[in-house]
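# Remarks on the overall topology
If you want the building blocks of each chain, they are given just below.
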Amino acid sequence: MKKTVDVSLPIGPLHPCFKEPARIRCETKGERVISAEMDLGYVKKGIERIMRGRPWQEVMFLAERVCGICSVIHNMVCIETLEKLSGIDVPERAAYLRVIVNELDRIQSHLLANFSYCYTIEHETLSMYLLNLRETAMDMLELITGARVTCAYMVPGGVRFDLRDEDRLTLEEALDHMEKELDRYVGMFKNGPLIAQRSKGVGIISRDDVIEAHGVGPVARASGIPESDRRLEHPTYRKLGFTPLSYEDGDNYARIMIRFDEVYQSIGLIRRCLENMVPGPIRGGGTVTAGEATHAGEAPRGELTYYVKTDEYGRIIDIAIRTPSIMNIESCAHYMLEGVSSAADITSTFISADPCIACAER
Amino acid sequence: MSFLQSIKNTVRSRSIHVSYVNVGSCNGCDIEVLAMLAPRYDIEQYGIYVHNNPREADILLVTGAFTPQWEDKLKSIWDKIPEPKAAIAIGNCPISGCVFNRRGSFVDPPVAKHIPIAAEVPGCPPRPTEILNAVLSLAPVVFKDYEEKQQ
Amino acid sequence: MVEYLYEKDLRGMQFNILASTRHEWVIAELSSRYGVRKPEIRSRLIERLDMILLENLPARYEVWLDHGDGEDPIARELGVELLTVYIPLVEDTRMQDIAQETRVRIVEDGAHDDAIAEGLARVREMIRS
Ligand code: SF4
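About the cut-offs
Residues numbered from 1 in each chain as written. Chains lettered and ligands numbered in written order. Predicted model: local features only at pLDDT ≥ 70, side-chain atom pairs only at ≥ 80, totals over all residues. Heavy atoms only, no water. Pairing = 2+ DSSP bridges. Helix = DSSP H or I, 4+ residues; strand = E, 2+ residues; numbered from the N terminus. Axes fitted to C-alpha atoms, helices over the stretch in contact; angles between N-to-C directions. Contact = heavy atoms within 4.5 Å. Phe/Tyr/Trp six-rings, centres within 6.5 Å; stacked < 30°, edge-to-face > 60°. Buried < 20%, exposed > 50% of the residue type's maximum accessible area, 1.4 Å probe, protein only. Patch = residues over 30% accessible without salt bridge, like charges linked within 9 Å, V, L, I, M, F, W, Y side chains within 5 Å. Areas by Shrake-Rupley, 256 points an atom, 1.4 Å probe, with all protein chains shown as cover. Salt bridge = Lys/Arg side-chain N within 4 Å of Asp/Glu carboxyl O. Lys, Arg positive; Asp, Glu negative; His and termini not counted. Charge placed at Lys NZ, Arg CZ, Asp CG, Glu CD. Buried area = accessible area lost by both parts, 1.4 Å probe. Polar contact = N/O pair within 3.5 Å; in protein donor to acceptor, adjacent residues only side chain to side chain. Nonpolar A, V, L, I, M, F, W, Y, C, P; charged D, E, K, R; others polar. pLDDT = per-residue confidence, 0-100. Near = heavy atom within 4 Å.

## Observations concerning the sheet that holds strand 7 (residues 302–310) of chain A
Residues and elements named next belong to chain A. If you walk across this open sheet you meet the three strands as 6-7-8, and the pairing is antiparallel. Strands at the two margins of the open sheet, each flanked by one partner only, are strand 6 (291–299) and strand 8 (316–322). Shown here is a sheet whose adjacent strand axes are inclined to one another by a mean of 15 degrees, direction ignored. As paired elements, strand 7 and strand 8 share six bridges and run antiparallel to each other. Residue pairing in the sheet places threonine 310 in a bridge with isoleucine 316 of strand 8. Each of strand 6, strand 7 and strand 8 touches helix 3 (residues 71–86); the most contacted strand, strand 6, lies at about 150 degrees to it.

## Regarding the packing of aromatic side chains
All names here are of chain A. Scanning the model with the defined rule gives seven aromatic pairs over all chains in all. When the ring of tyrosine 129 is compared with that of tyrosine 185, the centres are 5.0 Å apart and the planes differ by 10 degrees; the resulting orientation is stacked. Within this pair, whereas tyrosine 129 is found in helix 5 (residues 124–145), its partner tyrosine 185 is found in helix 6 (residues 165–191), the two being separated by 56 residues in sequence. For tyrosine 185, a relative accessible area of 3% gives the class buried.

## A look at a negative patch on the surface
Together, Glu122 and Glu124 of chain A together with Asp42 and Glu44 of chain B make up a region of like negative charge exposed at the surface. Tracing the chain through its elements places glutamate 44 of chain B in the loop between helix 2 (28–35) and strand 2 (48–50).

## Side note on the interface of chain B and chain A
Opposite the 40 residues of chain B that make contact, chain A presents 43 residues. Buried surface at the junction of chain B and chain A, summed over both partners, amounts to about 3,400 Å²; 62% is from carbon and sulfur atoms. It is Ile31, Arg40 and Phe106 of chain B in chain B that bury the most area against chain A; as a group they hold 16% of the surface buried on that side. Where chain B meets chain A, there are five salt bridges. The shortest N-O distance in the salt bridge between arginine 148 of chain A and glutamate 32 of chain B comes to 2.8 Å. On the surface where chain B and chain A come into contact, there are 10 residue pairs in polar contact (both at pLDDT 80 or more). Sorting the residues of the side of chain B that touches chain A by element identifies strand 1 (16–22), helix 2 and helix 3 (71–80) of chain B as the ones contributing at least two each. Considering every element that reaches the side of chain B that touches chain A, the biggest residue donor is helix 2 of chain B, with six residues. Among the residues forming the side of chain B that touches chain A, the class breakdown is 23 nonpolar, 10 polar and seven charged.

## Observations concerning unusual backbone geometry
Backbone geometry follows two general trends: most residues other than glycine have a negative phi, and most peptide bonds adopt the trans configuration. The linkage connecting cysteine 124 of chain B with the following residue, proline 125 of chain B, adopts the cis geometry, with an omega of -10 degrees. Tracing the chain through its elements places proline 125 of chain B in the loop between strand 5 (119–121) and helix 5 (128–143). Residues other than glycine seldom take positive phi values, yet threonine 150 of chain A does so here, at roughly 45 degrees. Mapped onto the secondary structure, threonine 150 of chain A falls in the loop between helix 5 and strand 4 (154–155). Take threonine 150 of chain A: its relative accessible area is 9%, and that puts it in the buried class.

## Let's talk about the confidence of the model for chain C
When pLDDT is averaged across chain C, the result is 75; 86% of the residues are at 70 or more. Of all helices and strands in chain C, the one with the weakest mean pLDDT is helix 6 (residues 73–78) of chain C (69), whereas helix 2 (residues 21–34) of chain C scores best (82).

## Re the pattern of salt bridges
All names here are of chain A. Taken as a whole, this structure holds 28 salt bridges over all chains when the rule is applied. Linking arginine 271 and glutamate 179 is a salt bridge whose minimum nitrogen-to-oxygen distance equals 3.2 Å. Highlighted residues: arginine 271 in helix 11 (residues 252–276) and glutamate 179 in helix 6, separated in sequence by 92 residues. Looking at arginine 271, the relative accessible area reads 25%, which means it is partly exposed. Of the residues examined, glutamate 179 reaches a relative accessible area of 26% and is grouped as partly exposed. The structure contains a network of salt bridges with shared partners spanning Glu103, Arg106, Arg221, Arg231, Glu262 and Glu298.

## Observations concerning the site of the ligand
Every one of the 13 residues lining the ligand counts as a neighbour, but Cys26, Cys29, Asn92, Cys93 and Cys124 of chain B are closest to it. Looking at what sits near the ligand, you find residues from chains A and B. Of all the secondary structure elements, the ones that give two or more residues to the shell around the ligand are helix 2 and helix 4 (92–96) of chain B. Classifying every residue of the shell around the ligand by side-chain character gives seven nonpolar, five polar and one charged.

Put into structure tokens, the structure is as follows:
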């Protein structure tokens, strides 16, 4: 196939808009992008390789450090896989606490993603508001788990700390505060005419393309695939009556809006958890035994799958992690970027898919 | 101290431009650097500006255990930063390799092997306030009377 | 002075991507399906795909297992969409030609297995070339 290419435009690895190093090589005609390719390898650490042969107590902490933004879900899925393969049950209160922490993590991750997007389209006011709101979520995470990032809250058979009653009140207050503030910011985002021009109809990805590239998470849900949400299969979320959201358009605007909507949804889920929670034990105990299991959970960016094989002492023999960013960056690089009409839209489209290079490369 | 030097000192104390580079971190430290931008910490009251452009920067924040891809690139980024300059290692990763420094992984810490590091902020990840504190306490040491020290 | 700073040889990194458990599985499946040795598959993948597609190989292969090549059993056996859409290793038009000719042969001779075997052999040549 012969292509008329004017310019080959490399973006990255160090770029003011990117949080992490990655390089997009775009072939452009004028400013219109014909095709894009990604170069990775700037943060490849080989975590899966060092996980092999180690006891689960070490792997648990390594799993968290696959990705610092969504460390809670890596912790959760890793532990749930270990529980699944050795048949450990979780007390009810611990299950609710897990959901609370996980949803707080989702809130901060989505707010960070939307902050990056607003920053990229140069709406600095809104982005700073969002970043400040994220600090509230981080405070709550710290209140419950004791650390802002990489908190290692979940262990097989339960969680490490209980939620005290006075902390519960603080949490409820913080949720009210977040909801109130978020109303304002979402209003700003929806009604800003320039934001709409920069976002609507840019970087469209159709439903079929998402399926082909195996896009997951907000990227898939913004293109009309609500059933891609793995929370539907999680027993605790089922108990809470969780229903996924979706948008139809599949453009940048839909991807940002679905994240805002999911923040509201997460706030609602946490409230429902707090209502349903009854006092009880938070740690049941249990030993990790030999086995083999695959388990998937919904990370802020989409479906996260762990395949783990252990021996009878709880050592990890084999592990494979599939992170959502791989699929999302791929659908972004090969489908969304095609036909994007200016160089400024390349970065904003890329950021709207919420790429997490550390996840993708591990 | 010459008059010119005192002007330079005053100006530099209120304008510290920061750039950050991720040489293979888990992202945890990166987002703490980003969180430092939040209005809560209000870094601009100290005259710190974060824009990720090495050519304008005075201070380079390095996060992450060193991956082989950066071998030539980090050096060239460092060379692009105009004098006076300093690099701060954020987190355990650039200092020791943190959890990744095991047999079989691809990383090659510490970063100090590749560029001169002026200060280190340990923690996995350090809090934004700690990073801010490091920048603020390093800046006068490096930038004050820079020209006179050179002579 | 212009330095070609970033144009480093990235094959080592690409090879590292292909070394994970799930990638090994995909490569083994491809290798047994088309009878091409594993190192050869790896080197073709590295030559023809960019890095994020390489990372995404297992997911794409899984999607093909579930949804690929729709209702058409012959295309499924040859892996038409597998090699053109999901893991684009070969040219679309030539792959379609092979599938078409295989279909014609099956209708004319009725020798289903032979035709498929020959089709696979031609696909193998295409992967190798
Ligand atoms: S020091 Fe810890 S949080 Fe920071 S990059 Fe390394 S592993 Fe991640």
